[in-house]
Amino acid sequence: MYGERVTSVDRPATAPDPHPEPHGHAQPESGPQGEAHAYAYAGQPSHAETHAHAGPHAPAGAPGAPWPGGYPPAYQPVEADRFTRMVMRLHARAPRWAVPLAALGCVGVGIAYALVSDPTRSDPDAAPTCLLKLTTGLDCPGCGGTRALWYVLHADLPAAARHHFLFVFALPFLAWLFVAWAGNRAFGWKLPEARFSPKVIGVFLAAWGVFSVVRNLPWAPFTSLYV
């Protein structure tokens, strides 16, 4: 006790190393920092430094890779075929009004067919006809839509609703969606576009399904919905 040095808290100081290393050859410490010092002492980078310099694109088996096998190969996108490339080139080179004009042409063809064919006077089995109704006698979810369109074009909304109520209900929303989309895309208008949440779309589809079942029930007043 009398030969020991005492610190300020009456604690024996650390005994000196009986075999000190020469200057510049100190032993590395233990732990992660000691490992880094050991690699630095040997003139080589540590594992942590190697991983930091290797980055996320270290090759398989590299010391810096996070696992022995290295990263898996990146996903290589499939090259588009010739037809798809041709369509993409046409879409990129076409004027901005070309797509709305094509969509308007499709709508015009449907309207012209309804006006020329006059589905209100044609026979139920006249071609083209509904395959479900021809084979089972049941109204499909779209039965009566062409006749409802014909009555809408002739401003007879009660008769149109009688043939397909949901089509008449959805027609103003569909018309506004098309006008806003085509006007904003072709002419640069700033019309607000209607946006429907998935919940609203689900409710509408559920109502359409119920309507498709109810209109085929053979009891009054559901028989009035049969077309």
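Quick note: structure is the one above.
What counts as what
- Residues numbered from 1 in each chain as written.
- Predicted model: local features only at pLDDT ≥ 70, side-chain atom pairs only at ≥ 80, totals over all residues.
- Heavy atoms only, no water.
- Patch = residues over 30% accessible without salt bridge, like charges linked within 9 Å, V, L, I, M, F, W, Y side chains within 5 Å.
- Areas by Shrake-Rupley, 256 points an atom, 1.4 Å probe, with all protein chains shown as cover.
- Salt bridge = Lys/Arg side-chain N within 4 Å of Asp/Glu carboxyl O.
- Helix = DSSP H or I, 4+ residues; strand = E, 2+ residues; numbered from the N terminus.
- Buried < 20%, exposed > 50% of the residue type's maximum accessible area, 1.4 Å probe, protein only.
- Axes fitted to C-alpha atoms, helices over the stretch in contact; angles between N-to-C directions.
- Parallel < 35°, antiparallel > 145°, perpendicular 65-115°, else oblique.
- Left-handed = near helix turned anticlockwise from the far one by under 90°.
- Contact = heavy atoms within 4.5 Å.
- Nonpolar A, V, L, I, M, F, W, Y, C, P; charged D, E, K, R; others polar.

*Asks:* Help me out: how do you make sense of a nonpolar patch on the surface in this one?
*Replies:* Among the surface-exposed residues, Phe 165, Phe 169, Phe 173, Phe 196, Val 200, Ile 201, Leu 205 and Trp 208 lie close enough to one another that they form a single nonpolar patch of about 750 Å² accessible area. Of all elements in the fold, only helix 8 (165–186) and helix 9 (198–214) reach the threshold of two or more residues within the nonpolar patch. The greatest single-element share of the nonpolar patch, amounting to 4 residues, is contributed by helix 9. Mapped onto the elements of the fold, Phe 196 is located in the loop between helix 8 and helix 9.

*Asks:* Help me out: how do you make sense of the pattern of salt bridges in this one?
*Replies:* A pair can form between side chains of opposite charge whenever their charged atoms are brought close. Evaluation of the coordinates by the stated rule reveals 3 salt bridges. A salt bridge links Lys 133 to Asp 139; the shortest N-O distance between them is 2.9 Å. Each member of the pair, Lys 133 as well as Asp 139, is classed as buried. The partner of Arg 215 in a salt bridge is Asp 139, and the shortest N-O contact between them spans 3.8 Å. With a gap of 76 residues between them, Arg 215 in the segment after helix 9 and Asp 139 in the loop between helix 5 (131–136) and helix 6 (145–153) connect regions that are remote in the sequence. Judged by its relative accessible area of 0%, Arg 215 is buried. Assessed through its relative accessible area of 3%, Asp 139 is described here as buried.

*Asks:* Looking at this structure, how should I read the packing of helix 6 against helix 8?
*Replies:* Geometry of a packed helix pair, given as the angle between the helix axes and the separation of the axes. Closest axis-to-axis distance for the helix 6/helix 8 pair is 9 Å, and the angle between their directions is 55 degrees. In terms of axis orientation, helix 6 runs oblique to helix 8. In this structure, the crossing between helix 6 and helix 8 has a hand that is right-handed. Residues Gly 145, Ala 148, Leu 149 and Val 152 of helix 6 form the contact with helix 8, whose own contacting residues are Phe 167, Val 168 and Leu 171. Looking at side-chain class alone, the contact of helix 6 with helix 8 contains 6 nonpolar, 1 polar and no charged residues.

*Asks:* What should I look at first to understand the packing of helix 8 against helix 9 in this one?
*Replies:* The geometry of helix 8 relative to helix 9 is characterised by a closest axis approach of 10 Å and an angle of 155 degrees between their N-to-C directions. By the angle between their axes, helix 8 is roughly antiparallel relative to helix 9. Side by side, helix 8 and helix 9 meet where Phe 165, Leu 166, Phe 169 and Ala 170 of the first sit next to Phe 204, Ala 207, Trp 208 and Phe 211 of the second. Within the contact of helix 8 with helix 9, the residues separate by chemical class into 8 nonpolar, no polar and no charged.

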